[in-house]
Amino acid sequence: MGRTPAAGEAEPLHGLTPRQFESLTHGEGDADALAELVRAEHSHRLLLLDVLMDALTPLAGAATGPLPAPRRAWDLLAAAQRRAPTAVRELLDLPETGLWAAQLLNRLCRPRPHELPLWADVGHLHCLAAAAALRAGLDFSFPLPCVAGRVELPALGQVRLPARAAQEVAVLAARAGTVTVTAPHGIVRLPDDPSRPAPGWLPLHHAELRLPGTAPVRLAFDDLGPHRIAPRPTGAARRLGRRTATRLTRLVQGGARLVAEADPASAATLTALLRTIQPMPAYELFRVRSATSGHGVGGLALSLPESELACAAALVHELQHSKLDAFAHLFPLTEEKPGPGRLYYAPWRDDPRPLAGMLQGIYAFTGVARFWRGRTRLPGGAHDQLAWLEFSLWRGQLAQVVPRIATDPELTGAGRSLLDGVHATVSGWSAEAPGETAAREAVRLAARLAADHRALWRLHHVRPFPEDVEALAAAWPTDDGTTLPDRRQGVRASRRQWHLDTRAVLARMALADPVALDKLRDTADEDGVPGVTGAVLADLVWATGDPATAEHHYRLSLTEAPTAPAAWAGLRLTLEETGRAPSALRALTAAPELVRALARHLHARVERQVDPVELAAWVGRAVDAGT
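Residues numbered from 1 in each chain as written. Predicted model: local features only at pLDDT ≥ 70, side-chain atom pairs only at ≥ 80, totals over all residues. Heavy atoms only, no water.

**Overview of the sheet that holds strand β8 (residues 205–209)**
Pairing in this open sheet of five strands is mixed, and the strands run β8-β9-β10-β12-β11 from one edge to the other. Strands at the two margins of the open sheet, each flanked by one partner only, are β8 and β11 (290–291). Where strand β9 (residues 217–221) and strand β10 (residues 276–280) come together, two bridges link them in parallel fashion. Its bridge partner lying in β10, F221 is registered against I277. Seen against the sheet, helix α11 (residues 308–330) touches β10, β11 and β12 (299–303) and runs at an angle of roughly 150 degrees to β12. (Pairing = 2+ DSSP bridges. Helix = DSSP H or I, 4+ residues; strand = E, 2+ residues; numbered from the N terminus. Contact = heavy atoms within 4.5 Å. Axes fitted to C-alpha atoms, helices over the stretch in contact; angles between N-to-C directions.)

Following this line, the structure appears as structure tokens:
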């Protein structure tokens, strides 16, 4: 394998036909478009490696320490490619290869203290070369980094050796089919079949996904390697036990079948792109944690899902991210301009998001909505309350969000085309509605949950100006002619996890497993609801169908301590459901952050307690006066 020429000299040209481009901008992607993305992503990976090699060459021995120069590792890769080009291509296209190359290039461009010596980091190239040579059946001997007694062989597994130093050099030798790895304090012989464990050898878990009408997909579960999609400690590699590995494999296989059943477009993306899943620890019901990286297209990190259905939705979500990342490598979606850009409300996140993050979320949830729409259209799906809830929720959120960012000046032509395509797709779903009473209630619940999330987000991130709050406080409670100030507001960006989806999680539980939800009432107390982080007893009361009692709990807690955002949003939600105090509901919908700030100000100033509904209704009359 010869080095690719420098950027601009002979970079492979890739493009999409108008039909392929349109299919991707609508959130889908036909087979030809996906195949072109895969080819283009390979070229992108080669270019990244080429830039990395150019950056390493001037460093000479400083970059590789006790290891051979990077050029010798590249030469070993070239020898392997002459014997087994497909195997080498698979290694270079691994998501983990892209993660490593991008992280190392960033390290070289922005030097800072690092716990891993540079030579051991660069040495992953040597590990790639050794793994390629093994798969090609070459006889060779090559030094590799041994970090904490571990030697990585990408796509194959990990060697574990006794170690007396944090970083050492081990030598892998392959002769006539026998493979050994020798370090200063031990030696390991790899088994003849490297997919089987042996003393000192841990193979990667693999599984085969078989979807109708497609070639099998060989999927790796990377619970060993150091190059993680999700950051530590959540995404840190930890070896799966046999039972957990078997369960995860079955969940992913079953989830993939559900994707194929309901959403052929996502099934085609899965077949074309998915190569690696990095397992993460299980979290909570209806809160599957997952992540992707633009540097590791085709890989995703995934916590253990509670069901095949939850796994299917997570696969669709993350594969949409991977597809958009590959698309954006061909067609940049945003212009890079100096200074901070605008921050937007993202109804699928706890935190405000910049434009690039909004595009990722919009594209991902277009796929998620499409998957749940497919579930409603299956035989018997018209009765599927959970599917109608999810489809209606994300269809509605997308319809609200897409127009808000469509005028952002940092969008490129491709970015605008993407939003136009997604808007057309979502608009095409707008008239779809269930005929069954229970499913119609799920659609109405989706609208209430959307408003609940919006109110919670505002309560956490939007801050009224203090002088506006003081002006309203001075008028309370006698001035019925008060109008709201111009709602000048500042958005406070924070990555803290607020769990704004808490009531949505409980609502999903009520539809999917109402018996389990009822059992939670026996274990919940004033300290919270076990297994649902962020939930309080009032949330559980609401979810079990008693909004009036839940309103009483929210109201009581706010009378005593008027600062809790979740309680204000909960009060808004229950007022919506009971139909009480419409003026209070309008205030808590239009400017919940102003009501909360005013309540906090009055709580500190007056000696008597202020009824939260009475206060919100007073602000609501100002809302009415200003309309």
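Read on for the rest.
**Brief notes about the packing of helix α13 (residues 385–405) against helix α15 (residues 437–461)**
Running from amino to carboxyl end, α13 crosses α15 at an angle of 40 degrees, the nearest separation of the two axes being 8 Å. By the angle between their axes, α13 is oblique relative to α15. Seen along the crossing, α13 lies across α15 with a hand that is right-handed. Within the contact between the two elements, α13 uses Q385, W388, L389, S392, L393, Q397 and R404 and α15 uses A438, A439, A442, V443, L445, A446, L449, A450 and R454. A per-class count over the contact of α13 with α15 returns 11 nonpolar, three polar and two charged. (Parallel < 35°, antiparallel > 145°, perpendicular 65-115°, else oblique. Left-handed = near helix turned anticlockwise from the far one by under 90°. Nonpolar A, V, L, I, M, F, W, Y, C, P; charged D, E, K, R; others polar.)

**A few points about the pattern of salt bridges**
The final tally for this structure, using the stated rule, is 31 salt bridges. Its salt-bridge partner being D263, residue R370 comes within 2.8 Å of it at the nearest N-O pair. Taken together, the residues R370 in helix α12 (residues 355–376) and D263 in the loop between α9 (242–262) and α10 (264–273) connect sequence positions 107 residues apart. For E576, the salt bridge identified is with R572, shortest N-O distance 3.0 Å. In this pair, E576 and R572 both sit in helix α21 (residues 565–578), four residues apart, roughly one turn of the helix. Connected via shared salt-bridge partners are E441, R444, R448 and E577. (Salt bridge = Lys/Arg side-chain N within 4 Å of Asp/Glu carboxyl O.)

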